[in-house]
Amino acid sequence: MRGFVKRWLEGPGIGTAPREAFVERGQRVYCVGDVHGRVDLLQELHDMILRDARDFHDRLTVVYLGDLIDRGLHSRDVIELLLNEPLEGFESIYLMGNHERAMLDFLSYPEQAAGWLTWGGRETVLSYGATLPRDFHAPEPEKTRDALLAELPDQHVAFCRNMRLYHSSGDYIFVHAGIRPGVPLKEQSESDLLWIRNEFLASEEDYGCVVVHGHSITERVEERHNRIGIDTGAYRSGVLTCLVLEGQDRRVLQTGNGT
């Protein structure tokens, strides 16, 4: 399915108009929203990014905003693609999402983190070929964890453990969920960076930068004066979004509509 390019972001601002912001000079940043196991859409978007970047000869960076796994049916394939076929000529930066954190917690504390299986983890377990209990409504978390570990490559676990919590470039901060208003970046908790929602989304605070985030699904890219949300619900909408930043310019690449 063919994708399309949107030259301008959508959505009215709140508070002040969208602030002027720049990425580092001589750099173009491609920022990919929540993939959630849709390796087909990620491959399509990678092709679009490579075509878009072929005439740019300075520094290229691609930032993945986390939640690469869960919900969709091909989490294993997503990580395999990123490990074995990263975008050539790009610096690749992988941010942790709450779903990666939940999987890692399940591997360490299956009883306490068993809830992960009910909101996306089940699909990830199946993508690795692991066996789930016959009665999924009464799972045995430790047995499921052990079955997953038997199929889960160490390289995949290390990939998730080594994900960053945030990345910055110029006047932009990239993070999975958002930041807590009133708290300096270096004092933000991991929990907020991975999970925060309403307090961040509703805030009109000027952070001194623009926060680019995923985590909270919107039908279209949501631009505000202090943040840009690019989680367009790829696993169910078929629309995987990439925000492209160069100098003070912003534009969007998206896969086509439909599932």
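Structure first, text after, so check above.
In what follows, the accompanying structure is described. In this text, all values refer to a predicted model and were calculated from it rather than measured experimentally.

1. Re helix H3 (residues 98–108)
Helical periodicity: at 3.6 residues per turn, an α-helix aligns residues three or four positions apart in one direction. For H3, the tally of buried residues reaches eight of 11 residues, placing the bulk of the element in the interior. For H3, the full list of buried residues reads Asn98, His99, Glu100, Ala102, Met103, Leu104, Phe106 and Leu107. Looking at the buried residues of H3, the elements they touch are helix H4 (121–127), helix H5 (141–151), helix H6 (154–161) and helix H7 (190–195).

2. Comments concerning the packing of helix H2 (residues 75–84) against H6
As a packed pair, H2 and H6 sit with axes 11 Å apart at the nearest point and diverge in direction by 80°. On the basis of the axis angle, H2 is roughly perpendicular to H6. Residues Arg76, Ile79, Glu80, Leu82 and Leu83 of H2 form the contact with H6, whose own contacting residues are Gln155, His156, Phe159 and Cys160. Looking at side-chain class alone, the contact of H2 with H6 contains five nonpolar, two polar and two charged residues.

3. Regarding the nonpolar core
Core analysis: the biggest nonpolar cluster contains 48 residues, and Tyr30, Val32, Leu42, Ile49, Tyr64 and Leu68 have the highest contact counts within it. The element contributing the most residues to this core is helix H1 (residues 39–53), with seven residues. If you look at the next biggest cluster of nonpolar residues, it comprises 18 residues, including Val29, Leu65, Val210 and Val212.

4. Observations regarding the side chain of aspartate 67
Note on placement: aspartate 67 falls in the loop between strand S3 (59–64) and H2. Here aspartate 67 sits buried without a salt bridge, and the closest side chain of opposite charge, arginine 71, lies 6.3 Å off (N-O distance). For aspartate 67, the side chain forms a polar contact with the main-chain nitrogen of asparagine 98, separated by 3.3 Å. If we skip the residues at most four places from it in the chain, aspartate 67 touches Asp34, Val35, His36, Gly97, Asn98, His99, Glu100 and His176.

5. Observations concerning the side chain of histidine 213
Residue position: histidine 213 is located in strand S7 (residues 210–213). When its relative accessible area of 1% is taken as the criterion, histidine 213 is described as buried. A distance of 3.1 Å separates polar atoms of two side chains, one belonging to histidine 213 and the other to arginine 227.

6. Here we look at the packing of aromatic side chains
Under the defined criterion, the tally for this structure stands at seven aromatic pairs. Relative to tryptophan 116, the ring of phenylalanine 106 has its centre 5.2 Å away and its plane inclined at 45°; by these criteria the two rings are tilted. Residue phenylalanine 106 is located in helix H3, and its partner tryptophan 116 is located in the loop between H3 and H4; the two are separated by 10 residues in the primary sequence. Classification of phenylalanine 106 by relative accessible area gives buried; the value is 0%.

Parameters at a glance
- Residues numbered from 1 in each chain as written.
- Predicted model: local features only at pLDDT ≥ 70, side-chain atom pairs only at ≥ 80, totals over all residues.
- Heavy atoms only, no water.
- Buried < 20%, exposed > 50% of the residue type's maximum accessible area, 1.4 Å probe, protein only.
- Helix = DSSP H or I, 4+ residues; strand = E, 2+ residues; numbered from the N terminus.
- Contact = heavy atoms within 4.5 Å.
- Axes fitted to C-alpha atoms, helices over the stretch in contact; angles between N-to-C directions.
- Parallel < 35°, antiparallel > 145°, perpendicular 65-115°, else oblique.
- Nonpolar A, V, L, I, M, F, W, Y, C, P; charged D, E, K, R; others polar.
- Core = buried A, V, L, I, M, F, W, Y, C linked by side-chain atoms within 4.5 Å.
- Lys, Arg positive; Asp, Glu negative; His and termini not counted.
- Salt bridge = Lys/Arg side-chain N within 4 Å of Asp/Glu carboxyl O.
- Polar contact = N/O pair within 3.5 Å; in protein donor to acceptor, adjacent residues only side chain to side chain.
- Phe/Tyr/Trp six-rings, centres within 6.5 Å; stacked < 30°, edge-to-face > 60°.

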